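Listed below are the residues making up each chain.
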Amino acid sequence: MPRVRVQEQDFDVGRELESLTRGRTDVGGLASFVGLVRASNDGHAIQGMTLEHYPGMTEKALEDICAQAHARWQLLDTLVIHRVGALEPGDRIVLVGVASAHRGDAFEACEFIMDYLKTRAPFWKKEATAQGGKWVEARASDDVAAGRWKV
Amino acid sequence: MVTLLYFASLRESLGCSREQVALPSGNATVSSLVDVLRNRDGGWTEAFAPGKSWRVAVNQRMADLSTPVKPGDEVAFFPPVTGG
């Protein structure tokens with residue numbers, strides 16, 4: 001069953017990924033992605049950022065994205081953790097973990113979940129810059145990345 | 001009545017995160033609700049001007065202008081998402 005969490009606190013990548021395989025011997029591949037806060041974006045320095053979400057809908061959207069991945073690939077388990085609130089450069093933002101019998105399904109599903117998360121899950125980033133707060137604008141390249149999966 | 005929610009830059013520019021409004025008469029849709037908001041003063045006209053980029057969810061599912069809205073629904077307006 002997909003597990004989805006939206007939380008302010010950091011997460012332990014090793015422990016979270018281990019939870020996908022603990023007690024089972026059918027997992028042959030575990031793919032993961034960790035997203036981090038960069039110190040610059042489009043050439044301007046970033047002191048930090050605040051992540052806002054839509055409590056209730058965000059969790060449902062993440063569960064729906066994981067369910068789509070389970071319907072499309074042979075997966076044994078999925079995990080998505082996304083942080084909200086105030087973050088600094090270098091902080092972890094998001095973790096996606098996908099367990100499968102074989103690496104192909106795990107790799108593809110992990111990338112699919114990230115691409116869909118970036119275009120479908122209600123999160124918004126506001127960067128703190130020397131000139132003040134700046135809401136991040138959606139990128140057309142993210143729509144292109146999500147579009148190639150054609151569900 | 002329906003509950004309207006606003007998020008991120010839209011919430012800031014409107015100075016409002018949540019409100020209750022009466023539904024337009026007849027078969028209300030997101031479109032008829034937006035017409036009401038657009039006829040308000042100042043920032044509302046600007047925020048919902050034609051060509052402005054915003055998204056809408058009805059009862060926490062992505063929706064569009066033709067989606068029906070009924071009493072008790074939760075309608076949320078927000079900019080394109082930027083998580084991950």
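Residues numbered from 1 in each chain as written. Chains lettered and ligands numbered in written order. Predicted model: local features only at pLDDT ≥ 70, side-chain atom pairs only at ≥ 80, totals over all residues.

Asks: Give a description of the overall build of chain A that names residues and reports values.
Replies: Each helix and strand in chain A was counted, giving four helices and 10 strands. Starting at the N terminus and walking to the C terminus, you meet the elements of chain A as β-α-β-β-β-β-α-β-β-β-α-β-β-α. Its C-alpha atoms give chain A a radius of gyration of 16 Å, near enough to 15 Å, the size a compact globule of 151 residues would have. Overall, the C-alpha framework of chain A stretches about 50 × 35 × 30 Å when taken along its three principal axes. Taking the contacts inside chain A whose residues are at least 6 apart along the sequence as the reference set, 77% of them involve residues at least 24 apart. (Helix = DSSP H or I, 4+ residues; strand = E, 2+ residues; numbered from the N terminus. Rg over C-alpha atoms; globule rule 2.2 N^0.38 Å. Contact = placed C-beta atoms within 7 Å.)

Asks: Which residues make up the overall build of chain B, and what values go with them?
Replies: The helix and strand inventory of chain B stands at three helices and five strands. Starting at the N terminus, the α and β elements of chain B follow one another as β-α-β-α-α-β-β-β. Here the C-alpha radius of gyration of chain B, 12 Å, is about what a compact globule of 84 residues would show, namely 12 Å. Its C-alpha atoms put chain B at 35 × 30 × 20 Å along the principal axes. Every one of the 84 residues in chain B was classed for burial, and the buried ones make up 27%. Sequence separation of 24 or more characterises 55% of the internal contacts of chain B that already satisfy a separation of 6 or more. (Buried ≥ 20, exposed ≤ 12 C-beta atoms within 10 Å, placed from the backbone.)

Asks: Tell me about helix H2 (residues 57–72) of chain A, and please be specific about residues and values.
Replies: Helix length check: H2(A) (16 residues) gives 23 Å between terminal C-alpha atoms against 22 Å at 1.5 Å per residue, within 8%. The set of residues buried in H2(A) consists of A:Met57, A:Thr58, A:Ala61, A:Leu62, A:Ile65, A:Cys66 and A:Ala69. Each element contacted by the buried residues of H2(A) is listed here: strand S1 (3–7), strand S5 (48–53), strand S6 (77–83), helix H3 (103–120) and strand S9 (123–129) of chain A together with strand S3 (55–58) of chain B. (Expected span 1.5 Å × (residues − 1).)

Asks: Let's hear about unusual backbone geometry: which residues, and what values?
Replies: Its identity as a non-glycine residue notwithstanding, A:Asp42 has a phi of 50°, on the positive side. You can see A:Asp42 is positioned in the loop between strand S3 (40–41) and strand S4 (44–45). Using a count of 8 C-beta atoms within 10 Å as the deciding quantity, one classes A:Asp42 as exposed. In this structure, B:Gln60 is a non-glycine residue whose phi angle is positive, near 70°. Among the structural elements, B:Gln60 can be located in the loop between S3 and strand S4 (61–63). Look at B:Gln60 and you get partly exposed, because 18 C-beta atoms sit within 10 Å.

Asks: Talk me through the interface of chain A and chain B; I want residue IDs and the actual numbers.
Replies: At the junction of the two partners, chain A supplies 20 residues and chain B supplies 13 residues. Per-element tally for the side of chain A that touches chain B: the top contributor is H3(A), with four residues.

Asks: So what about the environment of A:Glu137? Which residues, and what values?
Replies: Inspection of the secondary structure puts A:Glu137 in the loop between strand S10 (132–135) and helix H4 (140–147). Along the backbone, A:Glu137 and A:Ala101 are 36 residues apart, and their C-alpha atoms lie at a distance of 38 Å.

Asks: Break down the sheet that holds strand S2 (residues 29–36) of chain A for me, citing the residues and quoting the values.
Replies: Residue and element names in this part refer to chain A. Read across the sheet, four strands follow the order S1-S6-S8-S2 without closing on themselves; strand pairing throughout is mixed. Because the sheet does not close on itself, it has two edges, and the strands there are S1 and S2. When the angles between neighbouring strand axes are averaged without regard to direction, this sheet yields 5°. Here S6 pairs with strand S8 (residues 92–100) via six bridges, running antiparallel. (Pairing = 2+ DSSP bridges. Axes fitted to C-alpha atoms, helices over the stretch in contact; angles between N-to-C directions.)

Asks: Explain the sheet that holds S4(B) to me, using residue names and the numbers behind them.
Replies: All names here are of chain B. Strand order in this open sheet of five strands is S2-S1-S5-S3-S4, and the pairing throughout is mixed. If you trace the sheet from one side to the other, it starts and ends with strand S2 (18–21) and S4, each paired once. Adjacent strand axes in the sheet meet at a mean angle of 30°, parallel and antiparallel pairs treated alike.

Asks: Tell me about the packing of H3(A) against H4(A), and name the residues and values.
Replies: Residue and element names in this part refer to chain A. Where H3 meets H4, the axes come as close as 9 Å, and the angle between the chain directions of the two elements is 135°. Taken together, the axes of H3 and H4 lie oblique to each other. The element H3 and its partner H4 pack so that their crossing is left-handed. The segment H3 lies against H4, with Asp-115, Tyr-116, Lys-118 and Thr-119 engaging Asp-142, Asp-143, Ala-145 and Ala-146. (Parallel < 35°, antiparallel > 145°, perpendicular 65-115°, else oblique. Left-handed = near helix turned anticlockwise from the far one by under 90°.)

Asks: Please give an account of the nonpolar core that cites residues and values.
Replies: Judged by nonpolar contacts, the single largest core of 49 residues is most densely connected at A:Ile65, A:Ile113, B:Phe7 and B:Leu10. Setting aside anything within four residues of it in sequence, one finds B:Phe7 in contact with A:Glu52, A:Tyr54, A:Trp124, B:Ala76 and B:Phe78. (Core = buried A, V, L, I, M, F, W, Y, C linked by C-beta atoms within 7 Å.)

Asks: Could you give me a rundown of the pairing of S9(A), with the residues and numbers involved?
Replies: Residue and element names in this part refer to chain A. Inspection of the sheet shows S5 paired to S9 by six bridges, in the antiparallel sense. Opposite Gly-48, over in S9, you have Ala-128 as the bridge partner. The antiparallel pairing of S9 with S10 creates a hairpin that spans two residues between the two strands.

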